[in-house]
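Residues per chain, in single letters:
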Amino acid sequence: MEVHHNNRQGWSFFFYLCMCGAICESFRYSVPEERKSGSLVANVLKDLKVDAKELSARRGKLVSKNTKQYFQLDLHNGNILLRDKIDRESLCGQKDPCVLLSEIVLENPLQVHRIEVEIEDVNDNSPQFSKKDFLFEIPEQVPTNTRFPLERAQDADKGENAVQNYSLSPNENFRLDVQSHSDGSKYAELILQKQLDREEDTQHFLILSAVDGGTPRRTGTAQVIVKVLDNNDNFPQFGDSVYKVKLKENTPKETVVIKVEATDRDFGSYGDITYSFSQVSENVLKAFSLNKHTAELTIAGSIDYEEEREYAINIKATDGGGLTAYCKVIVEVEDRNDNAPEVTLTSITSPLSEDSPPDTVVAVFSITDQDSGDNGRTACTTGTNLPFMLKASENDYYHLVTQQPLDRERVSEYNITITATDWGSPRLTSTRIINVQISDVNDNAPVFEKSFFDMQLHENNIPGLLIGLVKARDLDTAQNAKVTYSLLPGKVSDQPVSSYVSINSETGNLYAIRSVDYEQVKDFQVTVRAVDSGSPSLSSEVMVRVVVMDENDNAPFILYPLQNGTSPSNDLVPRGAEAGYLVTKVVAVDRDSGQNSWLSFELLKATEPGLFSVGIQNGEVKTMRPINKRDTFKHKLIIGVKDNGHPPQSTSATLSILLVDGFSDPYMKMVDIPKEEVVEKEDHTLTMYLVICLAVISFIFLVSVLVFVAIKIHKRKKFIGSSALNFPVGPNFPENCGDADAGSLSRAYNYEVCLGGGSLNSEFRFLRPFFPVFSMEPAQSQGAQRISSGSQEVPCRDIPSHGAEGQVMNQVRI
């Protein structure tokens, strides 16, 4: 188990060639055969000039160049260990030396070290003869010192453990001569040292022993039987002592290789020649057969150039008298292209990150071909249209590297076909498919299904109601494709958008947090952000517009006449009004929109049903017939206003109409305009009328408030001034100055009595009504009318007198 650096001069040139390549250095080790599994072969850390940590970090691998992996590399300590027990004889046969080739491959940077492990022979096989008995038929007249070659004993061991000597049992007629071949192997010849006499002994039995040089020594024996024959004075003779023939490998069985014939000048049985193998190995016996009568050498087994390149066959010719002759046939096996290249994968990076830069090493592999010459030369290619390319290195190694950017979203894996072709004829090809998975990086931002989302939400919704779904997809995988949704800050009617809607961060469901009123918010927009879970994370945004759908949740509102709970206003109609006379117009609005705001009018109740009618669409109150004197002077109408929603909302307005005589308001006259033109004009200007009415009413209300506040302030100032005079209050002054009796004045009159502190006379203020009031009685009786019960009761204050006047008179002027 020591490193052999023998033959340094022979290896130095090889090392020089490998200095700039991937093959850095070659190391040679040895290990005896029959060692147990797990036995130490060598430690390579010192030779590799690395430590155990670097060896593991560089992913050191031990790659066998044989079909079977006999060794394994321990990355923790750098030891090369036996995987299985090795039998040198079964592995290499008679081949010497028996060397197993492996390579240690280191990555980052790539280095390949050639490892040669010589399997040392141990003496575990005894010499063996092919037969237990060998028969020699020797004529009695054979002269002394005649040599008879003996068959060699076969020992599977090599070197010193092979056969080193032969010995013969003691006898008088024969001795043994041991010699060596050029390859160092021993063989023995039987030498006749005393002439045979058939009359004395017809047979001689000798024990031939073969001894090897191992420790302990092993011995094999065979019995040599010598049969003494009568005289045969002519030996068989071959035409040549050595025959050479070339044979293609894989030649079919029973093909004749060569025919070697010998001749014998004797006659009869002494001239009959038989042929047989002499001192041949087991490989020859498996591969060839010999016809003992015709001397034809034929093929009996498979001829493989890669297993045996040359056969040396000894053929013996024996005549009928026992005389023999020998020749040698040397068969040279010629190589054929019968082995396809083999692709051996050494290293692969899978999965491969999609952001790998160009020239990233994906796989390292080697190509071997057991043939020789051009049959063993190979070329390697890959498929087209791939983002990979091959780079050749020393010793038939190839690197598969990236040449284009990778995109996992376009192609998530590659099945790369490696095709190896030799240069033989015909060319042989082998393929190997390498599967490379592409791992994902976060290079794709989430993409929404739409560039803009429109959603609808009905007003008066339940909080927590699902509005809709926004969905974004990420082309990446795993965590890089996990999308989280959120709302960006914003305002909706000066309120944060988060107070109106929320979003499920995982599903993208958009929910309403509060109930929305269409009359306040008709639509709003929110911005949704989708963020993936990659590192760094990528995001995208989309605008979502939520349109609030109107519900019929508002009843119509009467703008005119005002329905404020006080006494309703009176509309005056002259008794001379004709049919179609416009009395008034009911003005109403609805805060809803669309068909929910379409209003229709109808007359629900009337004092006299056939006298007045209401326009269904415009709310105009008109007379249906001329007014006569028999009609009641006061009429009350209840007009219903209904919208077009589902379900419909409605309200009602109460009108008071008074029929009067002598009413001559120019605005009350009938305008002789065709009905079709009136309706058409009103339809076009209805909206404008409503806006004007609303503005006027708002203005009147504001002015009334201001006037009321001003009057109150003015009265307070007067009250403060009158208190400074310290006037006593008379105890006998009547409580109320106004007459509470019922009268005939209209309800539209309002009265207020204010007594100043600095005056003895009372001032009676009369506020004019909104509409002129005409007497309903004859003129003679108007002076006798008194204040009606609908007038206000005005309290009177006691005012002290300066002289004889002791009471205060109120004068009412009409």
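Residues numbered from 1 in each chain as written. Predicted model: local features only at pLDDT ≥ 70, side-chain atom pairs only at ≥ 80, totals over all residues. Heavy atoms only, no water.

Novice: I'd like a description of the overall build of the protein chain, backed by residues and values.
Specialist: A tally of helices and strands in the protein chain yields six helices and 53 strands. Relative to its 814 residues, the protein chain shows a buried fraction of 38%. Taking the contacts inside the protein chain whose residues are at least 6 apart along the sequence as the reference set, 68% of them involve residues at least 24 apart. Accessible surface, the protein chain: about 47,000 Å² in total, of which carbon and sulfur atoms supply 51%. (Helix = DSSP H or I, 4+ residues; strand = E, 2+ residues; numbered from the N terminus. Buried < 20%, exposed > 50% of the residue type's maximum accessible area, 1.4 Å probe, protein only. Contact = heavy atoms within 4.5 Å. Areas by Shrake-Rupley, 256 points an atom, 1.4 Å probe, with all protein chains shown as cover.)

Novice: Any chance you could break down the nonpolar core for me, citing the residues and the numbers?
Specialist: Counting 29 residues, the largest nonpolar core has F238, F288, I313 and V329 as its most contacted members. Listing elements by their share of this core, those giving two or more residues are β16 (242–248), β17 (256–259), α5 (282–287), β20 (288–290), β21 (296–299), β22 (310–318) and β23 (324–334). Top contributing element to this core by residue count: β23, with five residues. Residues in contact with V329, not counting those within four places in the same chain, are Y243, V245, I258, V260, L297, Y311, A312, I313 and I315. With 27 residues, the next largest nonpolar core counts V470, V501, V542 and V544 among its residues. (Core = buried A, V, L, I, M, F, W, Y, C linked by side-chain atoms within 4.5 Å.)

Novice: Talk me through the sheet that holds strand β33 (residues 452–458); I want residue IDs and the actual numbers.
Specialist: Two modes of strand pairing occur in sheets, parallel and antiparallel, and in both the strands are linked by backbone hydrogen bonds. Spatial strand order, β33-β42-β41-β36: four strands in an open sheet with mixed pairing. With partners counted over all chains shown, the strands left at the sheet margins are β33 and β36 (483–487), one partner each. Averaged over all neighbouring strand pairs, the angle between strand axes comes to 30 degrees, with direction disregarded. (Pairing = 2+ DSSP bridges. Axes fitted to C-alpha atoms, helices over the stretch in contact; angles between N-to-C directions.)

Novice: Describe the confidence of the model for the protein chain, and please don't skip the residues or the numbers.
Specialist: A low pLDDT score tells you not to read the predicted coordinates there in detail. With 81% of its residues at a pLDDT of at least 70, the protein chain reaches an overall mean of 80. Note on residues 723–814: pLDDT under 50 across the span, and 105 contacts to partners over four residues away in sequence or across chains. (pLDDT = per-residue confidence, 0-100.)

Novice: Summarise the state of the cysteines; cite the residues concerned and give the values.
Specialist: Two cysteines form a disulfide when their sulfur atoms are joined by a covalent bond. Tallied over the full model, the rule gives one disulfide. Here C92 is linked by a disulfide to C98, with a sulfur-sulfur distance of 1.8 Å. Measuring handedness by torsion sign, the sulfur bridge of C92 and C98 sits at about 60 degrees and is right-handed. Across the pair, C98 and C92 agree in class, each one buried. (Disulfide = S-S within 2.5 Å.)

Novice: How would you summarise the side chain of H399 if you had to cite specific residues and measurements?
Specialist: Position of H399 among the secondary structure elements: in strand β29 (residues 397–402). Relative accessible area serves as the criterion here: at 16%, H399 is assigned to the buried category. If near-sequence neighbours (up to four positions away) are discounted, H399 is found in contact with L110, A363, V364, M389, L390, K391 and S393.

Novice: Break down the pairing of strand β13 (residues 203–212) for me, with residues and values.
Specialist: Here strand β10 (residues 163–168) runs beside β13; their pairing, made up of five bridges, is antiparallel. Bridge pairing in β13 places Y166 opposite A210. Sheet analysis places β13 next to strand β14 (residues 219–229), joined by nine bridges and oriented antiparallel. Within β14, the residue paired with A210 across the bridge is G220.

Novice: Describe the packing of aromatic side chains, with residues and values.
Specialist: One pass over the structure, following the stated rule, counts nine aromatic pairs. A centroid spacing of 5.1 Å and a plane angle of 80 degrees characterise the contact between F288 and Y311, whose relative ring orientation is edge-to-face. Here F288 is found in strand β20, whereas its partner Y311 is found in strand β22, with 23 residues between them in sequence. Overall, F288 belongs to the buried group, its relative accessible area being 2%. A relative accessible area of 7% means that Y311 is categorised as buried. Seen from their ring centres, F388 and Y414 are 5.2 Å apart, and the 85 degrees between their planes marks the pair as edge-to-face. In this pair, F388 sits in strand β28 (residues 388–392) while Y414 sits in strand β30 (residues 413–422), placing the two residues 26 residues apart along the sequence. You can call Y414 buried: its relative accessible area is 8%. Here the aromatic cluster, defined as three or more aromatic residues joined through ring pairs, consists of F129, F134 and Y166. A cation over an aromatic ring shows up here: R377 above the ring of W423, its NZ or CZ 3.7 Å from the ring centre. One residue, K522, lies across the ring of Y518, its end atom 5.0 Å from the ring centre. (Phe/Tyr/Trp six-rings, centres within 6.5 Å; stacked < 30°, edge-to-face > 60°. Lys NZ or Arg CZ within 6 Å of the ring centre and 35° of its normal.)

Novice: Let's hear about the side chain of T146: which residues, and what values?
Specialist: Secondary-structure assignment places T146 in the loop between β8 (133–139) and β9 (147–149). Only 2.6 Å separates the side chain of T146 from the backbone oxygen of P143, close enough to count as a polar contact. Sequence-distant contacts of T146, that is, excluding residues within four places in its chain, are made with L190, I191 and L192. (Polar contact = N/O pair within 3.5 Å; in protein donor to acceptor, adjacent residues only side chain to side chain.)

Novice: So what about the sheet that holds strand β44 (residues 570–574)? Which residues, and what values?
Specialist: The strand order β44-β51-β50-β47 describes an open sheet built from four strands, whose pairing is mixed. The open sheet has two edge strands, β44 and β47 (599–606), and neither has a second partner. Each strand of the sheet is rotated relative to its neighbour by a mean of 35 degrees, with strand direction disregarded. Pairing of strand β50 (residues 634–643) with strand β51 (residues 650–660), which is carried by nine bridges, proceeds in the antiparallel orientation. Across the sheet, the residue bridging to H635 is I657, located in β51.

Novice: How would you explain the pattern of salt bridges if you had to name every residue and give the values?
Specialist: Under the definition given, this model contains 24 salt bridges. One salt bridge in this structure joins D374 and R377, with 3.6 Å as the shortest N-O distance. Assessed through its relative accessible area of 46%, D374 is described here as partly exposed. Of the charged contacts in the structure, one is a salt bridge between D440 and R408, with a shortest N-O distance of 3.1 Å. (Salt bridge = Lys/Arg side-chain N within 4 Å of Asp/Glu carboxyl O.)

Novice: Got a sec to walk through the environment of R473? Specific residues and values, please.
Specialist: With respect to the helices, strands and loops of the structure, R473 is situated in strand β35 (residues 472–473). As a C-alpha pair, R473 and F448 span 25 residues in sequence and 6.3 Å in three-dimensional space. R473 has contacts with A445, P446, V447 and E449, leaving out every residue within four places of it along the chain.

Novice: Account for a nonpolar patch on the surface, naming residues and giving values.
Specialist: Taken together, the side chains of M688, Y689, I692, V696, F699, I700, V703, V707 and I711 make up a nonpolar region of the molecular surface, amounting to roughly 790 Å² of accessible area. For Y689, the location among the structural elements is in helix α6 (residues 675–723). Y689 sits in the partly exposed class, given a relative accessible area of 33%. (Patch = residues over 30% accessible without salt bridge, like charges linked within 9 Å, V, L, I, M, F, W, Y side chains within 5 Å.)

Novice: I'd like to hear about the environment of L297, residue by residue, with values.
Specialist: Tracing the backbone shows L297 in strand β21. Look at L297 and you get buried, because its relative accessible area is 0%. Expressed as a C-alpha distance, the spacing of L297 and V257, which sit 40 residues apart in the sequence, is 5.5 Å.

Novice: Got a sec to walk through unusual backbone geometry? Specific residues and values, please.
Specialist: What is expected of a backbone is that most residues other than glycine have negative phi and most peptide bonds are trans. In this chain, S425 is followed by P426 through a cis amide linkage whose omega measures 0 degrees. Turning to its location among the elements, P426 is positioned in the loop between β30 and β31 (429–439). Across the junction of H646 and P647, the peptide omega takes the value -5 degrees, indicating a cis bond. Relative to the helices and strands, P647 resides in the loop between β50 and β51. One non-glycine residue, N460, lies in positive phi territory at about 60 degrees.

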